[in-house]
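This is what each chain is made of:
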Amino acid sequence: MYPPHGTLISRRTSGGLPGAKMKTAQDFDSLQEELLKARALFADPHFPPHMQSIYPSGRMKSDRFPGAIVWKRPTDLCKNPKFIYGEARRHDLDQGYLGNCWFIAASALLATEHNKLFQRVLPMDQGFEEGRYTGMFRFNFWWYGKWIEIIVDDYLPTDGHSLIFCSNKERPNEFWPSLLEKAYAKLHGSYEGLDGGQIQDALVDMSGGISEVVNITEKQEVPPDLYNLLSKSHSMKSMIGACIYRPNNARQAEILKNNGLYMGHAYSVTGIHQIPTGRGVVNLLRLRNPWGRGEWKGPWSDNSPEMNYLAPELRDQLRFTRKEDGEFWMSYEDFVFEFDALQLCHLQPDSFLSEIADDEHDGRAYEPQKQMWNVTVYHDAWIRGVTAGGCGNAPHERLYWKNPQFFVTLDIPDSVLGKGDDCTLIVSLMEKEKSAQVSGKVAVGFDVYKLKNNYRKPLSDSRAPRDALLLTRRSGQYVYYREVTKRFELDPGTYVIIPSTFHPHEEAEFLIRIFTERRVDSGVLDDHVEPKTPVATPKDLIEEIFLKRAGSDKRMDAAELRAFLEELSGAEMKKPIIFSMESCRSLVTLMDEDRSGYLSLDEAKRAWKEIRAYREVFKQFDADGSGRIDTYELATVFSKLGFPMTKPVLTSIVRRYGSRDNLITLTDFITVICKLTTLYAVFHQQQRKNGQSEDTAEFSLMEFLKTTIYM
């Protein structure tokens, strides 16, 4: 069985890429109380009113800003600032001199379609009223599996008179849009971190929902029932955005087309409606440009013949207003022709387009609500030299199996719930974004295998043919989206999910969410086995060379051990092993049972016996005899020696001993094994001493320092 070959989709976004994150541990209530008592205004030390909070890279885009930037509080900009007027509206948000149309479009959707969720993101117990205004505001975001609170002061970037980023042009004294933008910028490390991104990412961060992207660049492959599926998904409160890709060779961030639409730009889908006409039913979509201006000029636009001649009662159904506010209607057919991608965020797994489609095709009644779903979340990482195996393309097929692996057992079919004979499984893979200083993201995807048995060990190039069925499902082509989600209908059984980057050796942290309609057994596939004592090997010339190299006290220090090992290995193996002084110091401390700082003859014999055993196993993986092996092989090598390693331990070993090109030397490998052997012994000795069992051993601070420093 061979690993799958990945296919990559080139990066084509409606802007750049999100940047760094900064999380703080500020306590809003305590700070609020202190500020009110002191009659002081908050100034955030973690996100100060400084250019570093806007463009830390220093790459200021000269065409984006009108001149010098002046930070001002809302109380300095108008006489009667308000946090929010009544209920939020999608027209409250207008994009400024920042390429964050994706965030503005997402915020507009949240503001008008999900009031309770909106109030979770923007708590309403804050404002500019006397008795609670302290210049401090708080916002909540769903950040990779949990809700976190972000606190900001209300210093905002201006040109000296007006806000230069997000604002409400109709109500310039309403400030929730600009403060929400600032909080999201703080979460990303700077305003620069918002300069380009994907609508669905912002929607997920403000809801905890699941994203779905529908690529409609290939017009002939667009599902014929997509409009109906979108309409029903919208009725289930899914939030929908759309974008037009920018040409790969474009220099401008956004490019105006003759019809009024912009390439390289994101829009909110704010309405879906069907109206009868003399020529039949027309499917319409309402979209909003986050700029608050710049509208579609084609059929069904504000001043089009179609809208002018439409019956007044039908215009009322559309809630049509003819004004330059960035919002417009267009036909579904024109939408598909002009746009390149739909970006959705579902608050419930039942609203996936594929879920709705399956319900319709199976002839079952459409249900707007179903039972609660079970969600299992795992945090993991692709680590160079350990788990960054790539997608399995040649010549790195074997590395594919080094990727993290997760199992899920689906044992009760949906027929028990009155649906079908399969089990529904939704897998969501989310890459955790890199810092703003690291350019670009990685392309990600995942594969799903069905196991022939329930043997829960990681699949490998040797185990996969024996223990797994052929590749069952794939997430599709590898993409640069932050989140990749796929819904599957699978037979009952145990499945292995293998997420990966497209290229090997690419490092990234990720979150994987597994949605099932019932609680299931799932977990991480990893090796957890107690170590075995390595097989002893014959000794030769040991005592003779020991006496020659040891001091008059018949003991050896690190320098003497180095000479001893070099001579003995040359005599027995015809090729001397030259350890560094640092390695020899480690070997002395690791083999020194009486903690004297020297090795006796018996301790030297034990050291040599183990070195020989470890070298023999190492040689099996050192095909070219270079004295170095690939760190991706370490898990297998350790298993052969009776030391199966978990990924966190392997990561520590590779970080400490691996080279830049993912190689580890024989001498460093031996040092690691000797250290592991001693650590296990110390751990179990402490367990016995304190009468503990399983995976716990108790150390006092001094015991811990004594043990670790000597090693």
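What counts and how
Residues numbered from 1 in each chain as written. Predicted model: local features only at pLDDT ≥ 70, side-chain atom pairs only at ≥ 80, totals over all residues. Heavy atoms only, no water. Helix = DSSP H or I, 4+ residues; strand = E, 2+ residues; numbered from the N terminus. Buried < 20%, exposed > 50% of the residue type's maximum accessible area, 1.4 Å probe, protein only. Contact = heavy atoms within 4.5 Å. pLDDT = per-residue confidence, 0-100. Expected span 1.5 Å × (residues − 1). Core = buried A, V, L, I, M, F, W, Y, C linked by side-chain atoms within 4.5 Å. Pairing = 2+ DSSP bridges. Axes fitted to C-alpha atoms, helices over the stretch in contact; angles between N-to-C directions. 1 Å grid on protein atoms, 1.4 Å probe; cavity = no way out; pocket = protein on both sides within 12 Å on 5 of 7 lines; lining within 4 Å. Points joined across faces, edges and corners; volume = space filled by probe spheres on them. Nonpolar A, V, L, I, M, F, W, Y, C, P; charged D, E, K, R; others polar. Polar contact = N/O pair within 3.5 Å; in protein donor to acceptor, adjacent residues only side chain to side chain.

## Quick look at the overall build of the protein chain
Line of reasoning, step 1. Along the backbone of the protein chain there are 20 helices and 23 strands.
Line of reasoning, step 2. Scored against the burial criterion, the 711 residues of the protein chain give a buried share of 54%.
Line of reasoning, step 3. A sequence separation of at least 24 residues applies to 74% of the contacts in the protein chain between residues at least 6 apart.

## Overview of the confidence of the model for the protein chain
Line of reasoning, step 1. Chain-level pLDDT for the protein chain is 84 on average; 88% of the residues reach the 70-or-more range.
Line of reasoning, step 2. Per-residue pLDDT stays below 50 along residues 361-370; that stretch engages in 16 contacts with residues further than four places along the chain or on separate chains.
Line of reasoning, step 3. Contacts from residues 529-539, a stretch scored under 50 in pLDDT, to residues over four places away or in other chains number 19 contacts.

## Overview of helix α16 (residues 601-621)
Line of reasoning, step 1. Counted at 1.5 Å a residue, the expected span for α16 with its 21 residues is 30 Å, and the 31 Å between its end C-alpha atoms agrees.
Line of reasoning, step 2. Here α16 has its buried residues at Leu601, Glu603, Ala604, Ala607, Trp608, Glu610, Ile611, Ala613, Tyr614, Arg615, Val617 and Phe618.

## Some remarks on the nonpolar core
Line of reasoning, step 1. Formed by 61 residues in total, the largest nonpolar core has its most connected members in Phe83, Phe139, Phe141, Trp176, Leu180, Tyr191 and Met206.
Line of reasoning, step 2. Among the secondary structure elements, those contributing two or more residues to this core are α3 (101-113), α4 (115-121), β2 (136-143), β3 (146-153), α5 (176-187) and α6 (199-205).
Line of reasoning, step 3. In terms of residue count, α3 provides more of this core than any other element does, ten residues in total.
Line of reasoning, step 4. Beyond its immediate sequence surroundings of up to four residues, phenylalanine 139 is in contact with Phe83, Val121, Leu122, Pro123, Ile148, Glu149, Ile150, Val152, Leu179, Leu180 and Ala183.
Line of reasoning, step 5. Grouped together as the second largest cluster of nonpolar side chains are 49 residues, Phe546, Phe579, Leu650 and Cys674 included.

## Here we look at the pairing of strand β12 (residues 341-346)
Line of reasoning, step 1. Of all six residues in β12, six are buried; the element is thus mostly enclosed.
Line of reasoning, step 2. Along β12, one buried face is formed by Ala341, Gln343 and Cys345 and the opposite face, lined by Leu342, Leu344 and His346, is buried too.
Line of reasoning, step 3. The pairing of strand β6 (residues 239-244) with β12 spans five bridges and is classified as antiparallel. Across the sheet, the residue bridging to methionine 239 is cysteine 345, located in β12.

## Section: the sheet that holds strand β11 (residues 327-331)
Backbone hydrogen bonds are what pair the strands of a sheet, in a parallel or an antiparallel way.
Line of reasoning, step 1. With antiparallel pairing, the six strands of this open sheet are ordered in space as β5-β12-β6-β9-β10-β11. At either end of the open sheet lies a strand with only one pairing partner, and these are β5 (210-215) and β11. Neighbour to neighbour, the strand axes of the sheet diverge by 35 degrees on average, direction disregarded.
Line of reasoning, step 2. Helix-sheet contacts for α3 involve β6, β9 (265-277) and β10 (280-288), and the interaxial angle to β9 is about 45 degrees.
Line of reasoning, step 3. Packed on one face of the sheet, helix α7 (residues 226-235) meets β6, β9, β10 and β12 and runs near 105 degrees to β9.

## Examining empty space enclosed by the protein
Line of reasoning, step 1. Applying the stated criterion across every chain yields a total of three cavities of 30 Å³ or more.
Line of reasoning, step 2. Computed from the structure, the largest cavity encloses a volume of approximately 80 Å³.
Line of reasoning, step 3. Surrounding the largest cavity, ten residues form its lining, Leu410, Ile412, Cys423, Arg518 and Val520 being those nearest its centre.
Line of reasoning, step 4. One number sums up the size of the second largest cavity: a volume of about 70 Å³.
Line of reasoning, step 5. Around the second largest cavity, the lining residues are Arg286, Asp302, Arg319, Phe320, Thr321, Asp325, Glu327, Phe328 and Trp329.
Line of reasoning, step 6. No other element matches β11, which puts three residues into the lining of the second largest cavity.
Line of reasoning, step 7. By residue class, the composition of the lining of the second largest cavity is three nonpolar, one polar and five charged.

## A short note on unusual backbone geometry
Line of reasoning, step 1. Here the bond from alanine 394 into proline 395 is cis, since omega is 5 degrees, no more than 30 degrees from zero.
Line of reasoning, step 2. The backbone of tryptophan 300 shows a phi angle near 75 degrees, a positive value even though the residue is not glycine.
Line of reasoning, step 3. Positionally, tryptophan 300 belongs in the loop between β10 and α8 (305-308).
Line of reasoning, step 4. Judged by relative accessible area, tryptophan 300 falls into the buried class, the value being 9%.
Line of reasoning, step 5. The phi angle at arginine 319 is positive, at roughly 55 degrees, despite the residue not being glycine.

## Some details on the side chain of glutamine 686
Line of reasoning, step 1. Mapped onto the fold, glutamine 686 is located in helix α19 (residues 666-690).
Line of reasoning, step 2. Within the structure, glutamine 686 has its side chain in polar contact with the backbone oxygen of glutamate 698 (distance 3.0 Å).
Line of reasoning, step 3. Aside from chain neighbours lying at most four places away, what touches glutamine 686 is Gln692, Ala697, Glu698, Phe699 and Glu703.

## Quick notes on the sheet that holds strand β16 (residues 444-451)
Line of reasoning, step 1. Taken together, five strands build an open sheet; the order of strands is β17-β16-β19-β14-β21 and the sheet is antiparallel. Of all strands in the sheet, those with a lone pairing partner are β17 (468-474) and β21 (521-524), marking the two edges. Shown here is a sheet whose adjacent strand axes are inclined to one another by a mean of 25 degrees, direction ignored.
Line of reasoning, step 2. Pairing between β16 and β17: four bridges, direction antiparallel. Residue aspartate 447 lies in a different strand from β17, and its bridge partner there is arginine 474.

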